[in-house]
Amino acid sequence: MKVGILGAGQLARMIALAGYPLGVEFIVLDPSAEACSTVLCEHLLGDYNDPVLLAELAERADVVTYEFENVPADVAEFLENHTTVHPAPKALAVAQDRLVEKRFLQELGIPTPAYVAIDSLDDLEQAMLTVGWPAILKSRTQGYDGKGQSILKSPADLMPAWELLQGVPAIVEGFVSFNREISIIAVRNIAGEMVFYPVSENLHRGGILRVSECRASDPMQQQAEAYVTKLAEALAYVGVLALELFEVDGQLLANEFAPRVHNSGHWTIEGAETSQFENHVRAILNLPLGATAPVGFAAMVNFIGGLPSTEQLLSIPDAHVHLYGKEPRKGRKVAHVTVRSKTAEQMIASVSALVRLSDQVDCS
Ligand code: AMP
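What you see is a predicted model, and the numbers here were worked out from it, not measured in a lab. (Residues numbered from 1 in each chain as written. Predicted model: local features only at pLDDT ≥ 70, side-chain atom pairs only at ≥ 80, totals over all residues. Heavy atoms only, no water.)

## Digging into the layout of surface pockets
If a probe as big as a water molecule is rolled over the atoms, it shows which places are left empty. Using the following cut-off: Both cavities and pockets are sets of points on a 1 Å grid over the protein atoms alone; in a cavity a 1.4 Å probe fits but cannot get out, in a pocket the set is open with protein on both sides within 12 Å along at least five of seven lines, and lining residues sit with an atom within 4 Å of a point. Grid points are joined across faces, edges and corners, and a volume is the space filled by probe spheres set on the points. Only DSSP runs of H or I reaching four residues or more are called helices, and only runs of E reaching two or more are called strands; each is numbered from the N terminus.
Size it by volume and the second largest pocket reaches roughly 160 Å³. Along the walls of the second largest pocket sit Glu 201, Asn 202, Leu 203, Val 211, Ser 212, Glu 213, Ala 299, Met 347, Ile 348, Val 351, Ser 352 and Val 355, which together make up its complete lining. Among the secondary structure elements, those contributing two or more residues to the lining of the second largest pocket are β12 (200–205), β13 (208–214) and α12 (344–361). Per-element accounting of the lining of the second largest pocket gives the leading share, five residues, to α12.

Here is the structure:
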(Lines give C-alpha, C1' and ligand atoms only; values in the text may rest on other atoms or scores of the structure.)
Protein backbone atom coordinates (compact mmCIF):
# COMPACT_ATOMS: atom_id res chain seq x y z
CA MET A 1 0.00 0.00 0.00
CA LYS A 2 1.15 3.53 -0.70
CA VAL A 3 0.10 6.58 1.29
CA GLY A 4 0.39 10.07 -0.19
CA ILE A 5 0.96 12.96 2.21
CA LEU A 6 0.49 16.67 1.47
CA GLY A 7 3.35 18.28 3.35
CA ALA A 8 6.70 16.69 4.13
CA GLY A 9 7.70 18.06 7.53
CA GLN A 10 8.27 16.25 10.81
CA LEU A 11 4.68 15.03 11.06
CA ALA A 12 4.93 13.31 7.68
CA ARG A 13 8.32 11.94 8.75
CA MET A 14 6.89 10.40 11.91
CA ILE A 15 3.88 9.00 10.02
CA ALA A 16 6.31 7.34 7.59
CA LEU A 17 8.52 6.03 10.42
CA ALA A 18 5.43 4.39 11.94
CA GLY A 19 4.11 3.04 8.63
CA TYR A 20 7.22 1.35 7.23
CA PRO A 21 7.16 -1.58 9.70
CA LEU A 22 3.61 -2.29 8.47
CA GLY A 23 4.92 -2.53 4.90
CA VAL A 24 3.42 0.81 3.89
CA GLU A 25 5.24 3.11 1.46
CA PHE A 26 4.99 6.88 1.31
CA ILE A 27 5.02 9.60 -1.32
CA VAL A 28 5.02 13.23 -0.18
CA LEU A 29 4.23 16.47 -2.00
CA ASP A 30 5.97 19.59 -0.71
CA PRO A 31 7.40 22.77 -2.26
CA SER A 32 10.61 22.59 -0.20
CA ALA A 33 13.57 20.51 -1.39
CA GLU A 34 14.84 20.35 2.21
CA ALA A 35 11.57 19.20 3.81
CA CYS A 36 12.62 16.78 6.53
CA SER A 37 10.62 13.69 5.54
CA THR A 38 12.03 13.60 2.02
CA VAL A 39 15.04 11.57 3.19
CA LEU A 40 12.73 8.63 3.76
CA CYS A 41 9.82 9.23 1.38
CA GLU A 42 9.55 9.59 -2.35
CA HIS A 43 9.23 13.32 -2.95
CA LEU A 44 7.13 15.21 -5.48
CA LEU A 45 8.77 18.65 -5.42
CA GLY A 46 6.42 21.52 -6.21
CA ASP A 47 3.46 23.62 -5.18
CA TYR A 48 0.44 22.08 -3.50
CA ASN A 49 -1.76 23.26 -6.34
CA ASP A 50 0.47 22.05 -9.21
CA PRO A 51 -2.07 20.10 -11.32
CA VAL A 52 0.52 17.73 -12.81
CA LEU A 53 1.96 16.77 -9.41
CA LEU A 54 -1.49 16.42 -7.85
CA ALA A 55 -2.55 14.11 -10.68
CA GLU A 56 0.60 12.04 -10.13
CA LEU A 57 0.00 11.88 -6.37
CA ALA A 58 -3.62 10.80 -6.90
CA GLU A 59 -2.54 8.21 -9.45
CA ARG A 60 0.21 6.67 -7.33
CA ALA A 61 -1.20 6.81 -3.79
CA ASP A 62 -3.90 4.41 -2.60
CA VAL A 63 -4.95 7.02 -0.08
CA VAL A 64 -3.93 10.64 0.45
CA THR A 65 -3.70 12.36 3.82
CA TYR A 66 -2.08 15.59 5.06
CA GLU A 67 0.14 16.87 7.80
CA PHE A 68 -1.26 20.40 7.99
CA GLU A 69 -4.70 21.95 7.64
CA ASN A 70 -3.95 24.88 5.36
CA VAL A 71 -4.27 22.85 2.18
CA PRO A 72 -6.28 24.90 -0.36
CA ALA A 73 -9.87 23.59 -0.48
CA ASP A 74 -9.79 23.06 -4.26
CA VAL A 75 -6.66 20.88 -3.91
CA ALA A 76 -8.37 18.56 -1.43
CA GLU A 77 -11.47 18.44 -3.66
CA PHE A 78 -9.40 17.64 -6.77
CA LEU A 79 -7.70 14.79 -4.89
CA GLU A 80 -11.00 13.48 -3.58
CA ASN A 81 -12.32 13.27 -7.13
CA HIS A 82 -9.35 11.13 -8.17
CA THR A 83 -8.43 8.99 -5.14
CA THR A 84 -9.39 8.30 -1.53
CA VAL A 85 -8.67 11.20 0.86
CA HIS A 86 -8.73 10.80 4.65
CA PRO A 87 -9.77 12.77 6.58
CA ALA A 88 -12.39 14.21 4.20
CA PRO A 89 -11.82 17.77 2.87
CA LYS A 90 -14.76 19.05 4.97
CA ALA A 91 -12.56 18.69 8.09
CA LEU A 92 -9.92 20.91 6.46
CA ALA A 93 -12.47 23.50 5.37
CA VAL A 94 -13.78 23.83 8.94
CA ALA A 95 -10.39 23.73 10.69
CA GLN A 96 -8.69 26.30 8.47
CA ASP A 97 -11.06 29.17 9.33
CA ARG A 98 -11.36 30.01 13.03
CA LEU A 99 -14.81 31.58 12.57
CA VAL A 100 -16.26 28.59 10.71
CA GLU A 101 -14.59 26.29 13.25
CA LYS A 102 -16.03 28.06 16.31
CA ARG A 103 -19.54 28.15 14.78
CA PHE A 104 -19.28 24.46 13.91
CA LEU A 105 -18.21 23.55 17.46
CA GLN A 106 -20.98 25.61 19.03
CA GLU A 107 -23.64 24.13 16.73
CA LEU A 108 -22.56 20.71 18.00
CA GLY A 109 -23.05 21.87 21.59
CA ILE A 110 -19.30 22.05 22.27
CA PRO A 111 -18.68 25.23 24.28
CA THR A 112 -16.00 27.68 23.12
CA PRO A 113 -14.67 31.00 24.45
CA ALA A 114 -16.84 34.02 23.54
CA TYR A 115 -15.94 35.29 20.05
CA VAL A 116 -17.00 37.89 17.47
CA ALA A 117 -16.11 38.08 13.74
CA ILE A 118 -14.00 41.14 12.85
CA ASP A 119 -13.63 42.76 9.42
CA SER A 120 -12.69 46.31 10.41
CA LEU A 121 -11.31 48.42 13.26
CA ASP A 122 -14.86 49.62 13.83
CA ASP A 123 -16.06 45.99 14.25
CA LEU A 124 -13.26 45.45 16.75
CA GLU A 125 -14.18 48.49 18.83
CA GLN A 126 -17.83 47.39 18.90
CA ALA A 127 -16.94 43.76 19.70
CA MET A 128 -14.91 44.76 22.75
CA LEU A 129 -18.14 46.02 24.35
CA THR A 130 -19.47 42.45 24.41
CA VAL A 131 -16.30 40.33 24.60
CA GLY A 132 -14.71 42.36 27.42
CA TRP A 133 -11.06 42.83 28.41
CA PRO A 134 -8.60 41.19 28.04
CA ALA A 135 -9.17 39.53 24.68
CA ILE A 136 -7.22 37.98 21.81
CA LEU A 137 -7.42 39.08 18.19
CA LYS A 138 -6.65 36.22 15.79
CA SER A 139 -6.55 36.03 12.00
CA ARG A 140 -9.30 33.69 10.79
CA THR A 141 -6.96 31.74 8.53
CA GLN A 142 -3.26 30.80 8.27
CA GLY A 143 -2.69 31.08 12.02
CA TYR A 144 -0.73 28.47 13.93
CA ASP A 145 1.68 28.45 16.87
CA GLY A 146 0.32 31.83 17.98
CA LYS A 147 1.04 33.48 14.61
CA GLY A 148 -1.35 36.28 13.58
CA GLN A 149 -2.46 36.80 17.20
CA SER A 150 -2.38 39.81 19.53
CA ILE A 151 -3.47 40.15 23.11
CA LEU A 152 -5.69 43.17 23.75
CA LYS A 153 -5.37 44.58 27.25
CA SER A 154 -6.63 48.14 26.80
CA PRO A 155 -8.16 50.37 24.09
CA ALA A 156 -4.64 51.53 23.17
CA ASP A 157 -3.91 48.00 21.86
CA LEU A 158 -6.75 47.96 19.30
CA MET A 159 -5.26 50.02 16.48
CA PRO A 160 -1.77 48.38 16.48
CA ALA A 161 -3.28 44.88 16.69
CA TRP A 162 -5.66 45.59 13.81
CA GLU A 163 -2.85 47.11 11.69
CA LEU A 164 -0.67 44.06 12.29
CA LEU A 165 -3.33 41.93 10.59
CA GLN A 166 -3.16 44.10 7.43
CA GLY A 167 -6.87 43.87 6.79
CA VAL A 168 -7.28 40.08 6.81
CA PRO A 169 -10.56 38.80 8.30
CA ALA A 170 -10.23 38.01 12.01
CA ILE A 171 -12.04 37.01 15.16
CA VAL A 172 -11.68 38.45 18.62
CA GLU A 173 -12.01 36.04 21.53
CA GLY A 174 -12.43 36.62 25.22
CA PHE A 175 -9.18 35.80 27.04
CA VAL A 176 -9.86 32.69 29.08
CA SER A 177 -8.12 32.49 32.46
CA PHE A 178 -7.95 28.74 32.28
CA ASN A 179 -6.74 26.43 35.06
CA ARG A 180 -4.93 24.40 32.44
CA GLU A 181 -4.83 23.46 28.76
CA ILE A 182 -5.48 19.89 27.69
CA SER A 183 -5.97 18.11 24.39
CA ILE A 184 -7.64 14.86 23.47
CA ILE A 185 -6.41 12.76 20.59
CA ALA A 186 -8.94 10.40 19.07
CA VAL A 187 -8.72 7.94 16.21
CA ARG A 188 -11.74 7.01 14.10
CA ASN A 189 -11.79 4.28 11.48
CA ILE A 190 -13.88 3.86 8.34
CA ALA A 191 -16.49 1.79 10.22
CA GLY A 192 -16.91 4.66 12.70
CA GLU A 193 -15.19 2.91 15.62
CA MET A 194 -13.21 5.24 17.87
CA VAL A 195 -10.31 4.94 20.31
CA PHE A 196 -8.94 7.69 22.55
CA TYR A 197 -5.58 8.42 24.13
CA PRO A 198 -5.40 9.67 27.70
CA VAL A 199 -5.67 13.47 27.57
CA SER A 200 -2.45 15.46 27.34
CA GLU A 201 -1.86 18.38 29.68
CA ASN A 202 -0.14 21.08 27.65
CA LEU A 203 2.08 24.03 28.44
CA HIS A 204 2.44 26.81 25.85
CA ARG A 205 4.71 29.83 25.79
CA GLY A 206 4.37 32.59 23.20
CA GLY A 207 1.56 30.56 21.61
CA ILE A 208 3.90 27.59 20.97
CA LEU A 209 3.57 24.20 22.65
CA ARG A 210 6.50 23.50 24.99
CA VAL A 211 5.55 20.47 27.12
CA SER A 212 2.82 17.82 26.93
CA GLU A 213 2.22 15.29 29.66
CA CYS A 214 0.12 12.13 29.39
CA ARG A 215 -2.63 12.31 32.04
CA ALA A 216 -3.89 8.79 32.65
CA SER A 217 -7.20 8.81 34.61
CA ASP A 218 -7.69 12.56 34.22
CA PRO A 219 -11.01 13.83 35.64
CA MET A 220 -11.69 15.61 32.32
CA GLN A 221 -11.16 12.49 30.16
CA GLN A 222 -14.84 11.58 29.81
CA GLN A 223 -15.95 15.11 28.91
CA ALA A 224 -13.12 15.48 26.39
CA GLU A 225 -14.00 12.13 24.78
CA ALA A 226 -17.66 13.14 24.50
CA TYR A 227 -16.73 16.39 22.70
CA VAL A 228 -14.24 14.85 20.29
CA THR A 229 -16.71 12.06 19.50
CA LYS A 230 -19.39 14.59 18.53
CA LEU A 231 -16.89 16.42 16.36
CA ALA A 232 -15.55 13.30 14.64
CA GLU A 233 -19.03 11.97 13.94
CA ALA A 234 -20.24 15.30 12.53
CA LEU A 235 -17.26 15.31 10.13
CA ALA A 236 -17.57 11.57 9.24
CA TYR A 237 -13.91 11.67 10.22
CA VAL A 238 -11.30 9.00 9.42
CA GLY A 239 -7.83 9.20 11.00
CA VAL A 240 -6.32 10.97 14.00
CA LEU A 241 -8.19 14.04 15.26
CA ALA A 242 -6.92 16.36 18.01
CA LEU A 243 -9.13 18.71 20.02
CA GLU A 244 -7.47 21.44 22.12
CA LEU A 245 -9.38 22.50 25.21
CA PHE A 246 -9.19 25.01 28.07
CA GLU A 247 -10.23 23.78 31.50
CA VAL A 248 -11.98 26.44 33.56
CA ASP A 249 -13.18 25.32 37.00
CA GLY A 250 -14.03 21.79 35.89
CA GLN A 251 -15.63 22.86 32.57
CA LEU A 252 -14.06 22.48 29.14
CA LEU A 253 -14.05 25.12 26.39
CA ALA A 254 -12.83 24.13 22.93
CA ASN A 255 -10.03 26.30 21.55
CA GLU A 256 -9.48 24.59 18.19
CA PHE A 257 -9.11 21.23 16.53
CA ALA A 258 -6.45 19.81 14.23
CA PRO A 259 -7.51 17.34 11.51
CA ARG A 260 -4.20 15.48 11.73
CA VAL A 261 -1.61 13.98 14.04
CA HIS A 262 -0.76 16.54 16.70
CA ASN A 263 2.28 17.79 18.58
CA SER A 264 0.58 17.14 21.93
CA GLY A 265 0.42 13.44 20.99
CA HIS A 266 4.12 12.94 20.25
CA TRP A 267 4.59 11.25 23.64
CA THR A 268 2.48 8.34 22.31
CA ILE A 269 5.49 7.05 20.32
CA GLU A 270 7.04 5.63 23.49
CA GLY A 271 4.27 6.35 25.99
CA ALA A 272 1.37 4.38 24.50
CA GLU A 273 0.82 0.84 23.21
CA THR A 274 0.33 2.21 19.69
CA SER A 275 1.49 5.68 18.64
CA GLN A 276 -0.82 8.30 17.15
CA PHE A 277 1.22 8.03 13.93
CA GLU A 278 0.73 4.28 13.57
CA ASN A 279 -2.95 4.57 14.43
CA HIS A 280 -3.39 7.27 11.79
CA VAL A 281 -1.88 4.95 9.18
CA ARG A 282 -4.02 2.05 10.41
CA ALA A 283 -7.22 4.14 10.31
CA ILE A 284 -6.75 5.55 6.80
CA LEU A 285 -5.78 2.12 5.40
CA ASN A 286 -8.75 0.42 7.08
CA LEU A 287 -6.51 -1.74 9.29
CA PRO A 288 -7.52 -2.67 12.86
CA LEU A 289 -6.86 0.19 15.29
CA GLY A 290 -4.18 -0.33 17.94
CA ALA A 291 -4.53 -0.06 21.71
CA THR A 292 -4.10 3.44 23.12
CA ALA A 293 -3.32 2.48 26.73
CA PRO A 294 -0.45 4.45 28.30
CA VAL A 295 2.87 2.74 29.01
CA GLY A 296 4.57 4.10 32.13
CA PHE A 297 4.55 7.83 32.94
CA ALA A 298 5.15 9.83 29.78
CA ALA A 299 5.68 13.43 28.73
CA MET A 300 7.25 15.31 25.85
CA VAL A 301 9.42 18.42 25.64
CA ASN A 302 9.72 20.40 22.39
CA PHE A 303 13.01 21.92 21.25
CA ILE A 304 12.41 25.17 19.43
CA GLY A 305 14.95 27.31 17.61
CA GLY A 306 18.00 25.38 18.84
CA LEU A 307 19.32 22.02 19.99
CA PRO A 308 21.72 20.84 22.68
CA SER A 309 24.06 17.98 21.75
CA THR A 310 22.56 14.51 21.38
CA GLU A 311 24.91 13.39 24.21
CA GLN A 312 23.38 15.95 26.56
CA LEU A 313 19.87 14.83 25.69
CA LEU A 314 20.62 11.12 25.99
CA SER A 315 22.31 11.58 29.36
CA ILE A 316 18.91 12.41 30.89
CA PRO A 317 17.27 9.30 32.37
CA ASP A 318 14.45 7.77 30.28
CA ALA A 319 14.88 10.27 27.43
CA HIS A 320 13.94 9.21 23.88
CA VAL A 321 15.28 11.66 21.32
CA HIS A 322 13.54 12.59 18.08
CA LEU A 323 15.57 14.95 15.91
CA TYR A 324 13.71 16.20 12.87
CA GLY A 325 16.76 16.86 10.69
CA LYS A 326 15.88 20.55 10.33
CA GLU A 327 18.23 23.53 10.44
CA PRO A 328 17.63 25.37 13.73
CA ARG A 329 15.93 28.71 13.14
CA LYS A 330 14.10 31.13 15.43
CA GLY A 331 10.67 29.76 16.39
CA ARG A 332 11.17 26.51 14.47
CA LYS A 333 10.41 23.13 16.07
CA VAL A 334 13.56 21.07 15.51
CA ALA A 335 13.14 18.09 17.84
CA HIS A 336 11.17 16.64 20.68
CA VAL A 337 12.24 14.37 23.50
CA THR A 338 9.85 11.95 25.17
CA VAL A 339 10.38 10.81 28.72
CA ARG A 340 8.82 7.49 29.67
CA SER A 341 9.51 6.50 33.25
CA LYS A 342 8.47 3.85 35.74
CA THR A 343 7.60 6.50 38.34
CA ALA A 344 5.94 9.91 38.15
CA GLU A 345 8.82 11.37 40.21
CA GLN A 346 11.46 10.24 37.70
CA MET A 347 9.39 11.49 34.78
CA ILE A 348 9.00 14.92 36.40
CA ALA A 349 12.73 15.13 37.21
CA SER A 350 13.72 14.26 33.65
CA VAL A 351 11.17 16.65 32.13
CA SER A 352 12.51 19.47 34.35
CA ALA A 353 16.05 18.75 33.16
CA LEU A 354 14.89 18.79 29.54
CA VAL A 355 12.96 22.04 29.98
CA ARG A 356 16.11 23.66 31.38
CA LEU A 357 18.08 22.48 28.34
CA SER A 358 15.31 23.58 25.99
CA ASP A 359 15.22 27.07 27.54
CA GLN A 360 19.01 27.40 27.20
CA VAL A 361 18.97 26.81 23.44
CA ASP A 362 15.63 28.45 22.62
CA CYS A 363 16.11 31.63 20.63
CA SER A 364 12.40 32.22 19.90
P1 AMP B 1 -4.12 28.92 19.15
O2 AMP B 1 -3.22 29.20 17.98
O3 AMP B 1 -5.51 29.47 18.99
O4 AMP B 1 -4.12 27.48 19.54
O5 AMP B 1 -3.46 29.68 20.40
C6 AMP B 1 -2.19 29.33 20.90
C7 AMP B 1 -2.19 29.44 22.41
O8 AMP B 1 -2.55 30.79 22.82
C9 AMP B 1 -3.21 28.56 23.12
O10 AMP B 1 -2.73 27.24 23.26
C11 AMP B 1 -3.32 29.29 24.45
O12 AMP B 1 -2.21 29.06 25.28
C13 AMP B 1 -3.32 30.74 24.01
N14 AMP B 1 -4.71 31.17 23.73
C15 AMP B 1 -5.34 31.12 22.55
N16 AMP B 1 -6.61 31.56 22.64
C17 AMP B 1 -6.79 31.91 23.93
C18 AMP B 1 -7.91 32.45 24.67
N19 AMP B 1 -9.09 32.74 24.08
N20 AMP B 1 -7.72 32.67 26.00
C21 AMP B 1 -6.53 32.41 26.60
N22 AMP B 1 -5.46 31.91 25.97
C23 AMP B 1 -5.58 31.66 24.64
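## Some remarks on helix α8 (residues 221–234)
As a reminder, the rule being used: Given a helix with a known number of residues, its expected span is that number minus one, times 1.5 Å. When accessible area is computed with a 1.4 Å probe and restricted to protein chains, residues below 20% of their type maximum are described as buried, those above 50% as exposed, and intermediate ones as partly exposed. Should any heavy atoms of two residues lie within 4.5 Å, those residues are considered in contact.
Taking 1.5 Å per residue, 14 residues should reach 20 Å; α8 reaches 20 Å between its end C-alpha atoms and fits that length. When we look at burial in α8, the residues that qualify are Gln 221, Ala 224, Tyr 227, Val 228, Thr 229, Leu 231 and Ala 232. Buried residues belonging to α8 abut α5 (98–107), β10 (180–188), β11 (194–196), β14 (239–248) and β15 (251–258). Ala 236 lies just past α8 and shows a positive phi near 45°.

## Points about the sheet that holds strand β4 (residues 63–66)
Definition in use: Strands are labelled as partners when DSSP assigns at least two bridges between them.
The parallel open sheet is built from five strands, whose spatial order is β3-β2-β1-β4-β5. With one partner strand each, in any of the chains shown, β3 (42–45) and β5 (84–85) form the two edges of the open sheet. Relative to β4, strand β1 (residues 2–6) runs parallel, the two sharing four bridges. Bridge pairing in β4 places Val 3 opposite Val 63.

## Side note on the domain arrangement of the protein chain
Selection rule: The start and end points of each domain follow an automatic or database-based domain assignment. Buried area: the sum, over both parts, of the accessible surface (1.4 Å probe) that disappears when the two are put together. Salt bridges are identified by distance alone: a Lys or Arg side-chain nitrogen within 4 Å of an Asp or Glu carboxyl oxygen.
Assigned domains of the protein chain: these are domain 1 (2–85), domain 2 (114–174) and domain 3 (180–361). Placing a centre on the C-alpha atoms of domain 1 and another on those of domain 3 gives a separation of 22 Å. Facing the 18 residues of domain 1 at the interface are 20 residues of domain 3. Around 1600 Å² of area is buried between domain 1 and domain 3 when both sides are counted, 72% of it from carbon and sulfur atoms. Applying the counting criterion to the domain 1 and domain 3 interface returns one salt bridge.

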